[in-house]
Protein chains: 2
Amino acid sequence: MMTEAAIAAALITDNANLYYLTGRVFAGMIYLPREGQPVYLVRRPVELEGKGVVYFTGTRDIPAELEHRGLPKPSTLGLEMDLTPYTTVIRYTKLWREATPVNISPMMRQARSVKTPQEIHLIERSGVCHERVYRRIPRVFKPGMTDLELQVEIERMSRLEGCLGQFRISGDTMEIYMGNVITGDNADAPSPYDFAMGGAGLDPSLPVGADGSEIRRGNTVMVDMNGNFTGYMTDMSRTFAFGDIEPLAQKAHECSREILRALEQMARPGIEARTLYDTAYDMAREAQLETYFMGHRQHAGFVGHGIGIEVNEAPVIAPRSRDILAERNVIALEPKFVIPHVGAVGVENSYVVTPTGLRCLTNAPEDLLPL
Amino acid sequence: MMTEAAIAAALITDNANLYYLTGRVFAGMIYLPREGQPVYLVRRPVELEGKGVVYFTGTRDIPAELEHRGLPKPSTLGLEMDLTPYTTVIRYTKLWREATPVNISPMMRQARSVKTPQEIHLIERSGVCHERVYRRIPRVFKPGMTDLELQVEIERMSRLEGCLGQFRISGDTMEIYMGNVITGDNADAPSPYDFAMGGAGLDPSLPVGADGSEIRRGNTVMVDMNGNFTGYMTDMSRTFAFGDIEPLAQKAHECSREILRALEQMARPGIEARTLYDTAYDMAREAQLETYFMGHRQHAGFVGHGIGIEVNEAPVIAPRSRDILAERNVIALEPKFVIPHVGAVGVENSYVVTPTGLRCLTNAPEDLLPL
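These remarks concern the structure in this document. None of these values were measured; they are calculated from a predicted model.

1. Examining the packing of aromatic side chains
Point 1. A complete count under the given rule lists 18 aromatic pairs over all chains for this structure.
Point 2. Taking 5.6 Å as the distance between ring centres and 40 degrees as the angle between the ring planes, the aromatic pair formed by Tyr-31 of chain A and Trp-96 of chain A counts as tilted. A residue pair is termed long-range when its members are at least 10 positions apart, and Tyr-31 of chain A in strand β2 (residues 27–33) and Trp-96 of chain A in the loop between α3 (86–93) and β6 (100–103) qualify at 65 residues.
Point 3. For Trp-96 of chain A, a relative accessible area of 5% corresponds to the buried category.
Point 4. Aromatic side chains Tyr-193 of chain B and Phe-195 of chain B sit 6.0 Å apart centroid to centroid with 45 degrees between the ring planes, which places their arrangement in the tilted category.

2. Notes on the sheet that holds strand β11 (residues 238–242) of chain B
Residue and element names in this part refer to chain B.
Point 1. Ordered in space as β7-β8-β11-β19, the 4 strands form an open sheet in which the pairing is mixed. In the strand order of this sheet, the two ends are held by β7 (179–183) and β19 (369–370), each with one partner.
Point 2. Two elements, β11 and β19, share 2 bridges in a ladder whose sense is parallel. Across the sheet, residue Phe-240 finds its bridge partner in β19, namely Leu-369.
Point 3. Strands in contact with helix α5 (residues 117–135) are β8 (219–225) and β11; relative to β8, the strand with the most contacts, it is inclined by about 155 degrees.

3. Digging into the sheet that holds strand β7 (residues 179–183) of chain A
Point 1. Taken together, the 4 strands give an open sheet; going across it, the order is β7-β8-β11-β19 (chain A), and neighbouring strands pair in mixed fashion. The sheet terminates laterally at β7 and β19 (369–370) of chain A, the two strands that pair on one side only.

4. Some thoughts on the nonpolar core
Among soluble globular proteins, nonpolar side chains are generally buried collectively.
Point 1. In this structure, Leu-150, Ile-154 and Val-223 of chain A together with Leu-150, Ile-154 and Val-223 of chain B are the most contacted members of the largest nonpolar core, which totals 93 residues.
Point 2. Not counting the four nearest positions on each side in its chain, Val-223 of chain A is found in contact with Tyr-134, Ile-137, Ile-154, Asn-180, Val-181, Met-236, Ser-237, Arg-238 and Phe-240 of chain A.

5. Looking at unusual backbone geometry
Residue and element names in this part refer to chain A.
Point 1. Here the amide bond leading from Ala-314 into Pro-315 is cis, since omega sits at -5 degrees, within 30 degrees of zero.
Point 2. Along the chain, the position of Pro-315 falls in strand β13 (residues 313–317).
Point 3. Even without glycine at this site, Glu-47 takes up a positive phi of about 75 degrees.
Point 4. With respect to the element layout, Glu-47 can be found in the loop between β3 (39–44) and β4 (53–55).
Point 5. Although it is not a glycine, Met-294 sits at a positive phi angle of roughly 60 degrees.

6. Digging into the packing of helix α1 (residues 15–22) of chain B against helix α4 (residues 105–113) of chain B
All names here are of chain B.
Point 1. The N-to-C vectors of α1 and α4 enclose an angle of 50 degrees; their axes lie 12 Å apart at closest approach. In terms of orientation, α1 and α4 fall into the oblique class. Handedness of the α1/α4 crossing: left-handed. Mapping the contact onto sequence places Ala-16, Asn-17, Tyr-20 and Leu-21 in α1 and Met-108, Ala-111 and Arg-112 in α4.
Point 2. Residue composition of the contact of α1 with α4, by class: 5 nonpolar, 1 polar and 1 charged.

7. Brief notes about the state of the cysteines
Point 1. Under the definition given, this model contains 0 disulfides over all chains.
Point 2. Cys-360 of chain A takes part in no disulfide bond, and the closest cysteine sulfur, belonging to Cys-129 of chain A, lies 15 Å away.
Point 3. The partly exposed category is assigned to Cys-360 of chain A, whose relative accessible area is 21%.
Point 4. For the unlinked cysteine Cys-129 of chain B, the closest cysteine sulfur is that of Cys-163 of chain B, found at 9.0 Å.
Point 5. The class for Cys-129 of chain B is buried, based on a relative accessible area of 15%.

So, how was this worked out
- Residues numbered from 1 in each chain as written.
- Chains lettered and ligands numbered in written order.
- Predicted model: local features only at pLDDT ≥ 70, side-chain atom pairs only at ≥ 80, totals over all residues.
- Heavy atoms only, no water.
- Phe/Tyr/Trp six-rings, centres within 6.5 Å; stacked < 30°, edge-to-face > 60°.
- Helix = DSSP H or I, 4+ residues; strand = E, 2+ residues; numbered from the N terminus.
- Buried < 20%, exposed > 50% of the residue type's maximum accessible area, 1.4 Å probe, protein only.
- Pairing = 2+ DSSP bridges.
- Contact = heavy atoms within 4.5 Å.
- Axes fitted to C-alpha atoms, helices over the stretch in contact; angles between N-to-C directions.
- Core = buried A, V, L, I, M, F, W, Y, C linked by side-chain atoms within 4.5 Å.
- Parallel < 35°, antiparallel > 145°, perpendicular 65-115°, else oblique.
- Left-handed = near helix turned anticlockwise from the far one by under 90°.
- Nonpolar A, V, L, I, M, F, W, Y, C, P; charged D, E, K, R; others polar.
- Disulfide = S-S within 2.5 Å.

The following block contains the structure:
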């Protein structure tokens, strides 16, 4: 990709991109020439070893260090301009004044959207742990619990199962802690973030998710909790029912499953992501459920998204998306409905795109699960 | 401050700064003119109400919207250039081509470092909850536990006590989940992040903190867990001892407390932050403990930091800091030592700077606490 775009070298500093390129996070950066060996410019931790590892203190010393190692000055320099703060990018562009700076963020995003077999393996491992936690959710529920109390027990099970906790989101505008457990009308509370699920949250500093409501009979509980067990996450939602749930909500839950089955059939390399969204929306409309589709008072503008190190990777399954599905994309599909006075219903699964269609990585039961 | 710097208006988008200025987080931005009423440009959530609230979709529509409200075009425009990604800043500067863009990040940082009484009240409330959790830690410990197992029980207690979980760190380079529980030699494992405590972590994607080590007799457990209960956090560490701890570690723990007492006496408005660091370092050296001060294989380069919405606010208590303490700064002081084969020892407290000195907000017992 760098050759096609005539980028001589890239300077990579974002933690998710460092992890993608090296398999670990460190404080520092990677100087990635189009040809030849990358150089790992490390500040911390001390005592890293390996080919190409160089300790440095001042950013200004980098050009001399690279020259010393026989690397030519770059004619064009890729920088993560969609992520790196303005003043930092300006500082980097001054390192090689002759180099033309180029935004390498879209290319990194594109590269990361097609997973390697090793990355898929790490996501599969997360999926296995994620499933194991979800299967045990009914056991930790007690009547009278609040959404938060149930969430805390799920957090505990997840962490003991090896969940790393960190819920990585690219960019700095979306925040959430460990996931979302939502019941009753709180599912209809609009949040500032572009997640499929809202919720008022516990505090105006983090207005999303559980708000301390008691889980009441006749309400659903949607669980959409962190699946990051390996640095690569699965994304999975399941809906639990406390007591009898009204027919409209049951119908919407079945509609979500039918949408997933339809998308599983359609999705394959080469298909436009937006056609998946259109199919999902059309099915919701045909079932006369479009008022509740992906929210009620506030609607999310997508039905799925790429996942991996972060929860908002490419491709985006949305009406105006220009993304085209490729083999080894890993995506989450989450056709959800918010039914007033009942709660959210629906299912979210994570999938690998294979030549013949989708392979599901989150195989916990999909029914409306009794609590 | 904007008047002094001749900044006509600022466009604020960072979540922490939005929360600082409005008391809540929303998706959108604040147009803050030097004179007159701010305008809250909101994308989500739907249904926000209040003076100056305007819904918008495209960033390009903002200048027309503001003109429509009778606001003059800004001659200089403050942008959060230390935080906002490069491409976003470029997009904003194109909104008013005649305006001179100015980096407002240092000014926001400076403004936020002096807390209002309301902010101090929120931090105090966090401190009360934080203390309550720490006092109960010995009750959830069981011999044979790993550091992770103990941390998970503390996470659970914290969340049930109302901890919001989100551990806000300014900038995108430092990551941690919910805090740090560290025992034995894992305290001496260097991490990539500039925290006072290291630890190998559970996975190379998040190499910090608990690594699954069993808590052994003769080892300490340092607990440095999230104190964000209100959107404004306290920062507090306490050291627990499992069985008898060797004299060197006991001595270092007492030295930490003596350093805190000395800094509590010295610190007042007008004092240079670096003199606090120098005093702490000198006391460690006089006690012949400088090899272990703020780390052993890897040393952190500070002994304290401002706290509030984020854990790395101004002032910075470090050797080359140019910060000067001001009334209503809120700071954490954390003289810590890492003793090989024992673990980390020391105490961290959060304080408000008052005209007569420091007032402590984290009043849990400071002794080496038996498990």
